[in-house]
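Structural description and commentary
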Amino acid sequence: MLGEILEINNNRVIVKNNSALSNIVNLYVQITDNTNTFIGEIVSLNKETIDIKLNGEIINNKFIYGISKKPALNSQVELLKEEGINILFGINNYVPQKKIYLGKSALYKDFPFYADINPLFSNHFVVLGNTGSGKSCGVARLFQNLFYKKDAVPKNATVFIIDAYGEYKSAFSMIDYVNKDLSFKSYTTDLDSSDELLQIPLWLLSLDDICLLLEVSSKNQISIIEKAMKIVNIFSRQEDSVIKYKNSIIAKALLDIFISGNTPAQIRDQIFSVLTRYNTRELNLDTKIYYPGYIRPLRQCLMIDDTGKIREMQLVTTFLNTFVLNEMNLEMPDGSFVWTLKDLLYAFDFALIDEGLLNDSKVYSLAHELRVKLASIIDSGASKYFEFTEHFTREEFIKNLTHKDNNKAQVVNINLNSIDDRFAKVVAKVYSKLLFDYAKNDLERAKYPIHIVLEEAHRYVQNDRDIEILGYNIFERIAKEGRKYAVLLTLISQRPSELSQTVLSQCGNFIVFKISHPIDIDYIKPMIPYVDDDMVERIKNLQIGHCLTFGSAFPLPTIVKVDMASPAPLSSSCDVSSTWFN
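So, a few notes on the structure that sits alongside this text. (Residues numbered from 1 in each chain as written. Predicted model: local features only at pLDDT ≥ 70, side-chain atom pairs only at ≥ 80, totals over all residues. Heavy atoms only, no water.)

1. Some points on the nonpolar core
Generally speaking, nonpolar side chains in soluble globular proteins are found buried as a group. What counts is decided by this rule: In these notes, a set of buried Ala, Val, Leu, Ile, Met, Phe, Trp, Tyr and Cys residues joined through side-chain atoms within 4.5 Å is what counts as a nonpolar core. Under the scheme applied here, a residue whose accessible area is under 20% of the maximum for its type counts as buried, over 50% as exposed, and between as partly exposed, the area being computed with a 1.4 Å probe on protein chains only. Numbering of helices and strands runs from the N terminus; a helix is a DSSP stretch of H or I covering at least four residues, while a strand is a stretch of E covering at least two.
Judged by nonpolar contacts, the single largest core of 131 residues is most densely connected at Ile210, Ile225, Phe423, Leu454 and Tyr460. It is helix H15 (residues 421-441) that contributes the most residues to this core, 11 residues altogether. By size, the runner-up hydrophobic cluster in this structure holds 62 residues, among which are Phe113, Ala553, Leu556 and Ala565.

Structure follows, in structure tokens:
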């Protein structure tokens, strides 16, 4: 017995201090009366009293977080015994398919701590902590604990790790040696690596994906990209089947030049420029124009006479009008054929001459900005990620991503270490959207969960302009809708203050290592109902490798010492002293 209850106020119980023990702060107590067993935590004590915070009740050998009633004043108060600790830490009802080992209790030495698999992995969750606090090692160990089970192998799991620094390959590349039913697959952005190169099939991307790829900065650019993609749908095919559409676009652009108001010399030069670059076998500078009594090539009809006028302007415009289609219903690509970055660039060039864009300096400037970004990708090593020799569907692409040697890969690592932050953010968004769209279109909704683990999540999951321009942010959409389709996010970050508030607020579980920056603390505190001042102090003073867990997967907020990952991710700090004095 610790002592009799002196006062009950809200969720606090003040007990007379009859204990001879002095190191009992943060230990759990049980408060029992005739019919109820309450669990509380010792917050503070002095020589006279012990202050206990009520956490929940034990009902039918199961801990229920939260208080719906208060204990009686004559209840018995004592330190929690081993049986009760086993209930709190998930030891008493361990089932390998339902529980995952997280680590050992920091308060109760050698007591293992288990989380409930379903509420942990069926919700978005976040892992936070300063650099060097142990979060990368903790994440690696968490998934190792999941996949290294001998009595329950999650062979149908699918975990995509967006690996910012290439840390996790070392932690998971040997899982097939642990169990023959498991497999690991690695993609890289390093053009010189022996690993499989990152794949981005353009024909499987939507309009929004291309907008992300080209980092659209204005809503007006969306319609330009849409126009270019519709042109791709035609112009990437054989000319015989699309020549009338090409002719119509070129002819309309030339007719717009004629009515631009420019001088005859300017008009002639611009038409020469357009037809030199954009032409077909039926419409080019050498195309013959027939007129009663003579035949002339188009270039001769554009000559300027002695009066300073284009000699055969009426004849040329009449000729061009024969190519113009009154109705030309262009459609977006449907993913049924392969098209490339160069096809898209060519389509952009056509879009620039269509519908008078050449004569609208503002729109032309926006279109040219997109063209420059696309050309820079084509001219860089990144173009290798978009190169394919054969067509495949989205379903075939996802299957290829998640299979290795015809075996299901449970962990797919995407190493973004060799690309800059800007492009890494694009890749993270595009891949996440591909996986989300795939899951949404699956007829067997939510049958096969997909987990997207985002290392350095603050680099991707930000309060950016996507909502303003596209109408949504893919990570916020997944955060709000992903559970319906079994697409779940795991965010790993050292700077929670840079994360999207919407995404963070949708996370149901938190594994928090040491965070000391006051801005980060102040950012997460109002969004997480479990965090109070006492918990904030614990977060600020955690030891390396220790974390505070709370959320739907954990019975109550608990400090856990996480075991070292084996093998460990490549995330250790530089040993400066050994290097200096070697």
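Moving on from the coordinates now.
2. Regarding unusual backbone geometry
Generally, phi is negative for residues other than glycine and the peptide bonds are trans, each holding for most cases. A cis amide bond, omega 0°, links Ser566 with the succeeding residue Pro567. Summarising the element assignment, Pro567 is placed in the loop between strand S23 (558-561) and helix H21 (576-580). The residue Asn26 is not glycine, and still its phi comes out positive at about 80°. Phi angles above zero are rare outside glycine, and Asn406 is one such case at about 65°.

3. Describing the environment of Lys185
Let me state the cut-off plainly: Two residues qualify as a contact provided that any one of their heavy atoms is within 4.5 Å of a heavy atom in the partner residue. Polar contact is the term for a pair of N or O atoms within 3.5 Å; when the atoms are in protein, one must be able to donate a hydrogen and the other to accept it, and sequence-neighboring residues count only if both atoms are side-chain atoms.
With respect to the element layout, Lys185 can be found in strand S12 (residues 184-188). A relative accessible area of 5% means that Lys185 is categorised as buried. Counting along the chain gives 10 residues from Lys185 to Asp195, while the straight-line C-alpha distance between them is 8.9 Å. Once you skip the residues sitting within four places of it in the chain, Lys185 turns out to touch Glu196, Asn400, Leu401, His403, Lys404, Ala409, Val411, Val412 and Asn413. A distance of 2.4 Å separates the side chain of Lys185 from the backbone oxygen of Asn400, its partner in a polar contact.

4. What to know about empty space enclosed by the protein
Going by this rule: The definitions used throughout rest on a 1 Å grid laid over the protein atoms alone, on which a cavity is an enclosed set of points accommodating a 1.4 Å probe that cannot get out and a pocket is an open set flanked by protein within 12 Å on both sides along at least five of seven lines; lining residues are those having an atom within 4 Å of a point. Grid points are joined across faces, edges and corners, and a volume is the space filled by probe spheres set on the points. In this classification, Asp, Glu, Lys and Arg are treated as charged, Ala, Val, Leu, Ile, Met, Phe, Trp, Tyr, Cys and Pro as nonpolar, and every other residue, Gly included, as polar.
Tallied over the full model, the rule gives 1 cavity of 30 Å³ or more. One number sums up the size of the largest cavity: a volume of about 50 Å³. Lining of the largest cavity is provided by Leu102, Val127, Gly138, Val139, Leu142, Ile511, Phe513 and Val562. Ranked by residues supplied to the lining of the largest cavity, first place goes to helix H3 (residues 135-147) with 3 residues. Class assignment for the residues of the lining of the largest cavity results in 7 nonpolar, 1 polar and no charged.

5. Some thoughts on helix H17 (residues 474-485)
As a reminder of what qualifies: To estimate the expected span of a helix, count its residues, drop one, and scale the result by 1.5 Å.
Across its 12 residues, H17 extends only 14 Å between first and last C-alpha, which sits more than 12% below the 16 Å expected from 1.5 Å per residue. Looking only at H17, the buried set comprises Ile474, Phe475, Glu476, Ile478, Ala479, Gly482 and Tyr485. In this fold, the buried residues of H17 make contact with H15, strand S19 (450-455), helix H16 (466-470), strand S20 (487-493) and helix H18 (501-505). With a side-chain oxygen positioned 2.8 Å from the backbone nitrogen of Phe475, the residue opening H17 is Asn473. Phi for Ala486, located one or two positions after H17, is positive at around 60°.

6. Focus on the pattern of salt bridges
A side chain of one charge can pair with a side chain of the opposite charge when the charged atoms of the two come close. Using the following cut-off: What counts as a salt bridge is simple: a side-chain nitrogen of Lys or Arg found within 4 Å of a carboxyl oxygen of Asp or Glu.
Within the structure shown, the criterion is met by 27 salt bridges. As a salt-bridge pair, Arg299 and Asp286 come within 3.0 Å of each other at their nearest N and O atoms. With Arg299 in helix H10 (residues 298-301) and Asp286 in the loop between helix H9 (264-277) and strand S14 (288-291), this residue pair connects regions lying 13 residues apart in the sequence. A salt bridge links Asp464 to Lys425, with the shortest nitrogen-to-oxygen separation between them at 3.2 Å. Taken together, the positions of Asp464 in the loop between S19 and H16 and Lys425 in helix H15 put the pair 39 residues apart, joining distant regions of the chain. Owing to a relative accessible area of 22%, Asp464 belongs among the partly exposed residues under this scheme. One continuous salt-bridge network, built from bridges that share partners, spans Lys425, Lys429, Asp464 and Asp466.

7. Concerning the sheet that holds strand S18 (residues 411-415)
Operational definition: Strands are labelled as partners when DSSP assigns at least two bridges between them. With axes taken as lines fitted to C-alpha atoms, and helix axes fitted only over the stretch in contact, angles between N-to-C directions fall between 0 and 180 degrees.
The sheet built from 12 strands is open, its strands ordered S9-S8-S23-S22-S21-S10-S20-S19-S11-S18-S12-S13 with mixed pairing. With one partner strand each, in any of the chains shown, strand S9 (112-116) and strand S13 (196-197) form the two edges of the open sheet. Relative to S18, S12 runs parallel, the two being bridged by 5 bridges. If you follow Phe184 over to S18, its bridge partner there is Val411. Docked against the sheet, helix H14 (residues 394-401) engages strand S11 (159-163), S12, S13 and S18, running at close to 110° with respect to S12. Along the sheet, H15 makes contact with S11, S18, S19 and S20, crossing S19 at roughly 170°.

8. A look at the packing of aromatic side chains
Short version of the rule: Pairing of aromatic side chains requires ring centres within 6.5 Å, counting the rings of Phe and Tyr and the six-membered ring of Trp. Pairs whose planes differ by under 30 degrees are stacked, by over 60 edge-to-face, and all others tilted. The rule is short: NZ of Lys or CZ of Arg within 6 Å of the ring centre and within 35 degrees of the ring normal puts a charge over the ring.
Taken as a whole and judged by the stated rule, the model has 21 aromatic pairs. Judged by centre distance (6.1 Å) and plane angle (70°), the ring pair of Phe89 and Tyr108 falls under edge-to-face. Of this pair, Phe89 sits in the loop between helix H1 (82-88) and strand S8 (99-105) while Tyr108 is found in the loop between S8 and S9, placing the two residues 19 residues apart along the sequence. Between Tyr108 and Phe111 the ring centres are 6.2 Å apart and the planes differ by 80°, which places this aromatic pair in the edge-to-face class. By way of ring pairs, the aromatic residues Tyr28, Phe89, Tyr108, Phe111, Phe113 and Phe554 are connected into one cluster. The ring of Tyr472 is capped by Arg477, whose NZ or CZ atom sits 3.9 Å from the centre of that ring.

9. Notes on the pairing of S8
For S8, a buried count of 6 out of 7 residues is recorded, marking the element as mostly surrounded by other parts of the structure. Bridge count for S8 against S9 is 5 bridges, and the pairing is antiparallel. Looking across to S9, one finds that Ile100 is bridged to Ala115. Sheet topology places S8 next to S23; 2 bridges connect them, and they run antiparallel. What sits directly across from Ser105, in S23, is Val560.

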